[in-house]
Amino acid sequence: MKVTVFGIGYVGLVQAAVLAEVGHDVLCIDVDEKKVENLKKGHIPIFEPGLTPLVMSNYEAGRLKFSTNAEEGVNHGVMQFIAVGTPPDEDGSADLKYVTAVARTIAAHMNDHKVVIDKSTVPVGTADRVRAVMAETLQKRDVNIPFDVVSNPEFLKEGAAVNDCMRPERIVVGTDNDDVVELLRELYEPFNRNHDRMILMDIRSAELTKYAANCMLATKISFMNEISNLAERLGADVEKVRQGIGSDSRIGYHFIYPGCGYGGSCFPKDVQALIRTAESIGYTPRLLQAVEDVNDSQKNKLPSFIKRHFGDDLRGKTFALWGLAFKPNTDDMREASSRVLMETLWEAGATIQAFDPEAMEEAQRIYGHRDDLKLTGTKEAALQGADGLVICTEWQNFRAPDFDVIKTALKQPVIFDGRNLYDPERISKRGFTYYAIGRGASIQIV
């Protein structure tokens with residue numbers, strides 16, 4: 001099938017590459033000329049395991065193409081994906097200007113029937129808005145061309161997006177047209193062979209499903225962080241609590257790891273957006289508000305530990321920071337806990353020596369060159385002369401470090417672990433003071 005994808009961001013590029021991989025003819029459209037030219041040269045704008053070879057092999061095979069020509073994209077095929085960004089507006093609601101701009105563009109150039117597929121994360125009612133924008137544009141052209149609008153939300157995890165796209169757990173399709181269902185079945189047939197993963201529903205339910213999924217996962221994280229705060233005060237070990245409740249099949253082990261707060265492009269934005277949607281219809285979403293409040297508070301956990309240990313005035317102190325990305329296997333620092341940590345420590349006068357396997361360039365882009373931030377080539381180099389080690393991201397190569405090297409490099413043996421990577425008793429026997437999340441029973445200092 002011929003498919004057009006508007007927006008070569010995280011969602012659009014992964015979806016386009018995977019559709020091309022199974023044989024579809026995919027044309028990607030973006031307004032960013034530099035991004036398009038870089039992609040043609042093999043420069044992928046994001047880090048995602050497995051994505052670069054997938055993009056390049058399909059580009060070289062001619063199944064995946066990139067262009068800034070919107071008219072060419074509209075005329076390419078029936079299937080028109082909208083995968084542009086929906087950044088938070090000033091009040092936290094999703095900004096739909098890019099979505100409606102694409103809808104207007106499609107309607108301005110279309111000459112035959114199009115199926116417009118909302119792949120971007122959008123509030124309930126967006127399909128109605130897209131349909132209205134397109135109808136208005138067609139009316140101004142004085143033409144009567146049929147089109148359909150479908151909600152087909154993505155459920156990709158950064159760091160595992162290619163696999164999630166190739167082997168989806170579910171394919172949610174919101175439409176009121178049976179003919180469109182058959183087109184979507186043909187499009188997704190390569191991913192739907194072992195058993196039927198397509199879940200059909202009305203458009204508004206599909207739009208709400210995406211937000212509900214992310215908000216449920218965010219709720220589990222904030223709930224566990226709330227329990228970790230109780231554990232610290234009650235002298236319990238949240239890791240043992242996690243094992244105890246995770247063994248219940250109704251709860252499971254996924255997303256019940258306490259830490260220094262969730263971040264990224266989805267959870268914070270989607271929780272805020274659903275809160276604003278609820279408020280716009282006169283409903284107070286108390287649980288969602290609490291999820292957001294707990295997470296905001298949790299991002300100050302590591303700075304509070306550091307100030308408890310060293311005092312509020314951190315002038316002259318240097319901290320080694322392991323992990324800048326909001327999670328492993330990505331270079332994404334949007335809403336990352338590391339940003340709150342660094343900015344708080346800088347305000348108190350401290351200097352940061354940071355290492356991350358993938359997010360160094362992104363940190364440089366965000367903060368530029370500053371005297372109180374040194375980006376080091378290895379995790380060991382970040383330790384040299386630092387007053388303490390802080391861990392914000394649970395990268396695999398942070399899990400089994402050489403503790404003798406850490407102890408020798410640091411001015412004093414203290415670790416502030418925002419991801420509970422180490423066993424408190426073992427690390428205490430090595431002579432470290434260890435601050436972790438919710439492990440009060442094992443750590444006398446906390």
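Residues numbered from 1 in each chain as written. Predicted model: local features only at pLDDT ≥ 70, side-chain atom pairs only at ≥ 80, totals over all residues. Heavy atoms only, no water.

Per an unreviewed UniProt entry, the chain goes by UDP-glucose 6-dehydrogenase and derives from Candidatus Pantoea communis. Taken from UniProt, the Pathway (unreviewed entry) comment for the chain reads in full: "Nucleotide-sugar biosynthesis; UDP-alpha-D-glucuronate biosynthesis; UDP-alpha-D-glucuronate from UDP-alpha-D-glucose: step 1/1." A UniProt comment under Catalytic activity (unreviewed entry) is attached to the chain, and it reads "UDP-alpha-D-glucose + 2 NAD(+) + H2O = UDP-alpha-D-glucuronate + 2 NADH + 3 H(+)". (UniProt positions renumbered as here; feature names shortened; annotations may be inferred.)

**Student:** Explain the sheet that holds strand 9 (residues 318-322) here, please?
**Tutor:** By definition, the strands of a sheet pair up through backbone hydrogen bonds, in either a parallel or an antiparallel sense. The parallel open sheet is built from 6 strands, whose spatial order is 11-10-9-12-13-14. In this open sheet, the two strands that pair with only one neighbour each are strand 11 (373-375) and strand 14 (433-435). Within the sheet, the average angular offset between the axes of one strand and its neighbour, ignoring direction, is 20°. On top of the sheet, helix 13 (residues 301-310) reaches strand 9, strand 12 (388-391), strand 13 (414-417) and strand 14; it is set at about 160° to strand 13, its chief contact. Sheet contacts for helix 15 (residues 360-367): strand 10 (351-355) and strand 11; angle to strand 11, the most-contacted strand, approximately 155°. (Pairing = 2+ DSSP bridges. Helix = DSSP H or I, 4+ residues; strand = E, 2+ residues; numbered from the N terminus. Axes fitted to C-alpha atoms, helices over the stretch in contact; angles between N-to-C directions. Contact = heavy atoms within 4.5 Å.)

**Student:** What should I look at first to understand the pattern of salt bridges in this one?
**Tutor:** Side chains that differ in charge, positive against negative, can pair when their charged atoms come close. According to the stated counting rule, one finds 26 salt bridges in the structure shown. Ionic pairing is found between glutamate 380 and lysine 379, a salt bridge with its closest N-O pair at 3.4 Å. Residue classification places glutamate 380 among the partly exposed positions, given a relative accessible area of 33%. Through salt bridges with shared partners, a single ionic network connects Asp128, Arg131 and Arg204. (Salt bridge = Lys/Arg side-chain N within 4 Å of Asp/Glu carboxyl O. Buried < 20%, exposed > 50% of the residue type's maximum accessible area, 1.4 Å probe, protein only.)

**Student:** Would you mind showing me how to read the UniProt feature "domain: UDP-glucose/GDP-mannose dehydrogenase C-terminal" (unreviewed entry) in the chain here?
**Tutor:** Those residues carrying the UniProt feature "domain: UDP-glucose/GDP-mannose dehydrogenase C-terminal" (unreviewed entry) are residues 320-424 in this numbering. Counting secondary structure, residues 320-424 comes out at 30% helix and 18% strand; the distance between its end C-alpha atoms is 20 Å.

**Student:** Which parts of the structure should I look at to understand helix 2 (residues 33-40)?
**Tutor:** Think of an α-helix as 3.6 residues a turn; residues three or four steps apart then line up on the same face. The N-cap of helix 2, judged by a side-chain oxygen 3.1 Å from the amide nitrogen of lysine 34 a few residues on, is aspartate 32. Once helix 2 ends, the next one or two residues include glycine 42, with phi positive near 95°. (Polar contact = N/O pair within 3.5 Å; in protein donor to acceptor, adjacent residues only side chain to side chain.)

**Student:** Please clarify how the packing of helix 9 (residues 203-234) against helix 10 (residues 238-246) should be interpreted in this entry.
**Tutor:** At a minimum axis separation of 9 Å, helix 9 and helix 10 run at an interaxial angle of 135°. Considering the angle they form, helix 9 stands oblique to helix 10. Helix-helix and strand crossings are classified by hand; for helix 9 and helix 10 the assignment is right-handed. Residues Met224, Ile227, Ser228 and Ala231 of helix 9 pack against Val238, Val241, Arg242 and Ile245 of helix 10. Grouping the amino acids of the contact of helix 9 with helix 10 by side-chain chemistry returns 6 nonpolar, 1 polar and 1 charged. (Parallel < 35°, antiparallel > 145°, perpendicular 65-115°, else oblique. Left-handed = near helix turned anticlockwise from the far one by under 90°. Nonpolar A, V, L, I, M, F, W, Y, C, P; charged D, E, K, R; others polar.)

**Student:** Can you help me understand the side chain of aspartate 270 in this one?
**Tutor:** One can find aspartate 270 in helix 11 (residues 267-280). Within the local environment of aspartate 270, its side chain forms a polar contact with the side chain of asparagine 214, the two groups lying 2.6 Å apart. Excluding residues that lie within four positions of it along the chain, aspartate 270 makes contacts with Thr121, Lys210, Tyr211, Asn214 and Cys215.

**Student:** I tried to follow empty space enclosed by the protein on my own but got confused; where do I start?
**Tutor:** Unfilled space is identified by rolling a water-sized probe across the atoms. Inspection of every chain in the model, using the stated rule, returns 1 cavity of 30 Å³ or more. The calculated volume of the largest cavity comes to roughly 40 Å³. Taken together, Asp118, Ser120, Thr121, Val122, Ser151, Asn152, Pro153, Ala206, Glu207 and Lys210 make up the lining of the largest cavity. Sort the elements by how many residues they give to the lining of the largest cavity and helix 9 lands first, with 3 residues. Its residues assigned to classes, the lining of the largest cavity shows 3 nonpolar, 4 polar and 3 charged. (1 Å grid on protein atoms, 1.4 Å probe; cavity = no way out; pocket = protein on both sides within 12 Å on 5 of 7 lines; lining within 4 Å. Points joined across faces, edges and corners; volume = space filled by probe spheres on them.)

**Student:** Quick question: what am I supposed to make of unusual backbone geometry here?
**Tutor:** It is generally the case that most residues other than glycine have a negative phi and that most peptide bonds are trans. The phi angle at asparagine 329 is positive, at roughly 65°, despite the residue not being glycine. Within the secondary structure layout, asparagine 329 lies in the loop between strand 9 and helix 14 (337-347). You can call asparagine 329 partly exposed: its relative accessible area is 35%. Unlike most non-glycine residues, glutamate 335 shows phi in positive territory, near 60°. Counting through the fold element by element, glutamate 335 comes out in the loop between strand 9 and helix 14.

**Student:** Would you explain the packing of helix 11 against helix 12 (residues 286-298) in this entry?
**Tutor:** A pair of packed helices is captured by two measures, namely the crossing angle of their axes and the spacing between those axes. The geometry of helix 11 relative to helix 12 is characterised by a closest axis approach of 10 Å and an angle of 150° between their N-to-C directions. Judged on the interaxial angle alone, helix 12 and helix 11 are roughly antiparallel. The two elements helix 11 and helix 12 cross, and the hand of that crossing is left-handed. Here Val271, Gln272, Leu274, Ile275 and Glu279 of helix 11 come into contact with helix 12, specifically with Leu288, Gln289 and Glu292. Residues belonging to the contact of helix 11 with helix 12 are distributed by class as follows: 4 nonpolar, 2 polar and 2 charged.

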